[in-house]
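Structural description and commentary
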Amino acid sequence: MVMFGSDSEGRVPRHYLGVAPGTAPGTLFIRREVKPSKMSVICYGPDVLEEHVCDTAEQVAEHLGKAPVTWVNVEGIDDPGLLRQVGDLFKLHDLALEDVLNHHQRAKTEQYNDEVFVVVRTPVLLTGDVLDTKQIALFLGTGYVLTFEEHGDDCFEAVRHRIRAGHERVRGSGPDYLTYALIDAVIDTYFPVLEDYGERIERLELVALRDTSRSTLGSIQAIKRDLIAIRRTIWPHREMLMALSRDSEKFVTKGTEFFLRDCYDHTIQLMDLVENYRELGSGLIDVYMSAVSNHMNDVMKTLTMIATIFIPLTFVAGIYGMNFNPERSPWNMPELNWYFGYPFVFGVMLVVALITLVFFYRKGWLVWPGSSSKRSKP
């Protein structure tokens, strides 16, 4: 079923950006703004290789069966009409087509009568180091592999290069090995992303020691959120690979099962990296809070020293501010009538301040915020 929908002004209602609640299973909703899709076909075997670019499903049908393996890649999944044509050509299940169009699925594998449906997700770094993921859907059938990609970077170019270069293993294997190679290419895209996060964590560790602003804390929290999102994305891939190697005996040969297990091991390595980086991210919070505490201690130490210096000066100023009348008694502040009384009091204050500073310096307490003391005495 193909469904159209819009409001009175021709706009698609917000809740129709996916399939509306209560819609029949297998419904494909057409958006008003349909982005063009591109289809490429690679037919190959040990001694044959053909590549074609197609616009319609009829053109794709012309190349089916020419070689042991046919790989059809559809880039852009915003055109349900083309999706329906391709689905009819390969006799794909309606529920699988619905999952292809609603590209917010977690990684999974489902087996139907004539094909195995696989969903994987690959990470994408947007502008400003914002992490996102895009969905890639794969269909494994007898003699063919069908892939659907969202618009964006293509992570399958390395697989195409191996096919064009005539690598014996991929050219001499069936569509199940191609499926493994494509999934493995997707899994491998996580390693450089996590390596980038590892470098960012190392840089933030140095920044957190000297910059205690709120922006540093925000950067740490952003990395922790991204790592949690990566973990939630990678985790279903483990279940998907296990189910694919265990429950798809009709389409996956014994030889390919070993490669799927190796791919499963890669997901274990990714999970270990994510957990390690999450621990480092939590440690960054402790480093940041320690730096904030040390900075606050330095500020309080400086303020305490300033207050300590002015305590005796305030005492002297307080004495000479009591305004006892010297005419009533010769003991009542005789310095008020002394010619050098005013500069003498200021001299006493200066000497007291200098003695206090020398005492602080000898104790190793004379430090400013962000600096370290070079003298330390018990």
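These notes cover the structure that comes with them. Per-chain numbering applies: the sequence of each chain, read as written, is numbered from 1 onward. Per-residue local features are limited, in this predicted model, to residues with pLDDT of at least 70; the limit for side-chain atom pairs, both in listing and counting, is 80 or more; totals at the level of whole chains, interfaces and linings are taken over all residues. Side-chain calculation: all heavy atoms of the structure are included, whereas hydrogens and water are not.

Here we come to the nonpolar core. In summary, soluble globular proteins display a tendency toward joint burial of nonpolar side chains. Residues belong to a common nonpolar core when they are buried Ala, Val, Leu, Ile, Met, Phe, Trp, Tyr or Cys residues joined through side-chain atoms within 4.5 Å. Each residue's exposure class comes from its accessible area (1.4 Å probe, protein chains only) as a fraction of the maximum for that residue type: buried when under 20%, exposed when over 50%, partly exposed otherwise. Counting residues in each nonpolar core, the largest one holds 52 residues, and the members touching the most others are Trp-71, Leu-178, Ile-183 and Ile-230. In terms of nonpolar packing, the next biggest core, distinct from the first, is built from 27 residues, Leu-82, Phe-90, Val-100 and Phe-117 among them.

Turning next to the sheet that holds strand 5 (residues 69-75). The rule for pairing is simple: two strands pair if DSSP sees at least two bridges between them. Only DSSP runs of H or I covering at least 4 residues are called helices, and only runs of E covering at least 2 are called strands; the numbering of each starts at the N terminus. Across the sheet, which stays open at both edges, the seven strands sit in the order 4-3-5-9-8-7-6 with mixed pairing between neighbours. Edge strands, defined here as strands with exactly one partner in the open sheet, are strand 4 (49-54) and strand 6 (108-111). For this sheet, the mean angle separating the axes of adjacent strands, direction not counted, is 15 degrees. Where strand 3 (residues 38-44) and strand 4 come together, six bridges link them in antiparallel fashion. What sits directly across from Ile-42, in strand 4, is Glu-51. Pairs of residues are marked as contacts when any of their non-hydrogen atoms sit within 4.5 Å. Simply put, an axis is a line fit to the C-alpha atoms, just over the touching stretch for a helix, and the angle between two N-to-C directions goes from 0 to 180 degrees. Contacting strand 6, strand 7 (115-126), strand 8 (130-141) and strand 9 (144-149), helix 3 (residues 94-101) crosses the sheet at an angle of about 155 degrees to strand 8.

We now examine helix 6 (residues 175-188). Given the number of residues in a helix, its expected span is that number minus one, multiplied by 1.5 Å. Look at helix 6: 20 Å from first C-alpha to last across 14 residues, which is about the 20 Å you get at 1.5 Å a residue. Here helix 6 lies mainly inside the structure; 13 of its 14 residues are buried.

In this analysis the probe radius is 1.4 Å and the grid spacing 1 Å, with only protein atoms considered; a cavity is a set of points the probe fits into but cannot get out of, a pocket is an open set with protein on both sides within 12 Å along at least five of seven lines, and lining residues have an atom within 4 Å of a point. Grid points are joined across faces, edges and corners, and a volume is the space filled by probe spheres set on the points. The tally for this structure, following the rule as stated, stands at one cavity of 30 Å³ or more. Empty space within the largest cavity amounts to approximately 40 Å³. Looking at the lining of the largest cavity element by element, the count peaks at three residues for helix 2 (residues 80-90). Considered class by class, the residues forming the lining of the largest cavity number six nonpolar, two polar and one charged. Here the term charged refers only to Asp, Glu, Lys and Arg, the term nonpolar to Ala, Val, Leu, Ile, Met, Phe, Trp, Tyr, Cys and Pro, and the term polar to all other amino acids, Gly among them.

Counting buried positions along strand 3 yields five of seven residues, so the element is predominantly enclosed. Note that strand 3 and strand 5 share seven bridges and pair antiparallel. In the sheet register, Cys-43 faces strand 5, and the bridge partner there is Thr-70. Linking strand 3 to strand 4, which pair antiparallel, is a turn of four residues.

Below, the discussion takes up the packing of aromatic side chains. Geometry of aromatic contacts follows a simple scheme: Phe, Tyr and Trp rings, the Trp one being its six-membered ring, pair when their centres are within 6.5 Å, and the pair is stacked under 30 degrees between planes, edge-to-face over 60, tilted otherwise. Taken as a whole, this structure holds seven aromatic pairs when the rule is applied. Ring geometry for Tyr-177 versus Phe-259: centroids 5.2 Å apart, planes at 90 degrees, classification edge-to-face. Of this pair, Tyr-177 sits in helix 6 while Phe-259 sits in helix 9 (residues 254-319), and the two are 82 residues apart along the sequence. Using a relative accessible area of 24% as the deciding quantity, one classes Phe-259 as partly exposed. Members of the aromatic cluster, connected to one another through ring pairs, are Phe-117, Phe-139 and Phe-148.

Among all residues save glycine, negative phi is the norm, and among peptide bonds the norm is trans. Non-glycine residue Lys-91 carries a positive phi angle of around 55 degrees. Turning to its location among the elements, Lys-91 is positioned in the loop between helix 2 and helix 3. Look at Lys-91 and you get exposed, because its relative accessible area is 62%.

So, about the side chain of Ser-245. Considering the arrangement of structural elements, one finds Ser-245 in helix 8 (residues 214-247). Throughout this description, a polar contact denotes any pair of N or O atoms lying within 3.5 Å of each other; where both atoms belong to protein, one of them has to be capable of donating a hydrogen while the other can accept it, and for residues adjacent in sequence the pair is counted only when both atoms sit in side chains. A distance of 3.1 Å separates a polar side-chain atom of Ser-245 from the backbone oxygen of Met-242. In contact with Ser-245, other than residues within four places in its own chain, are Glu-257 and Leu-260.

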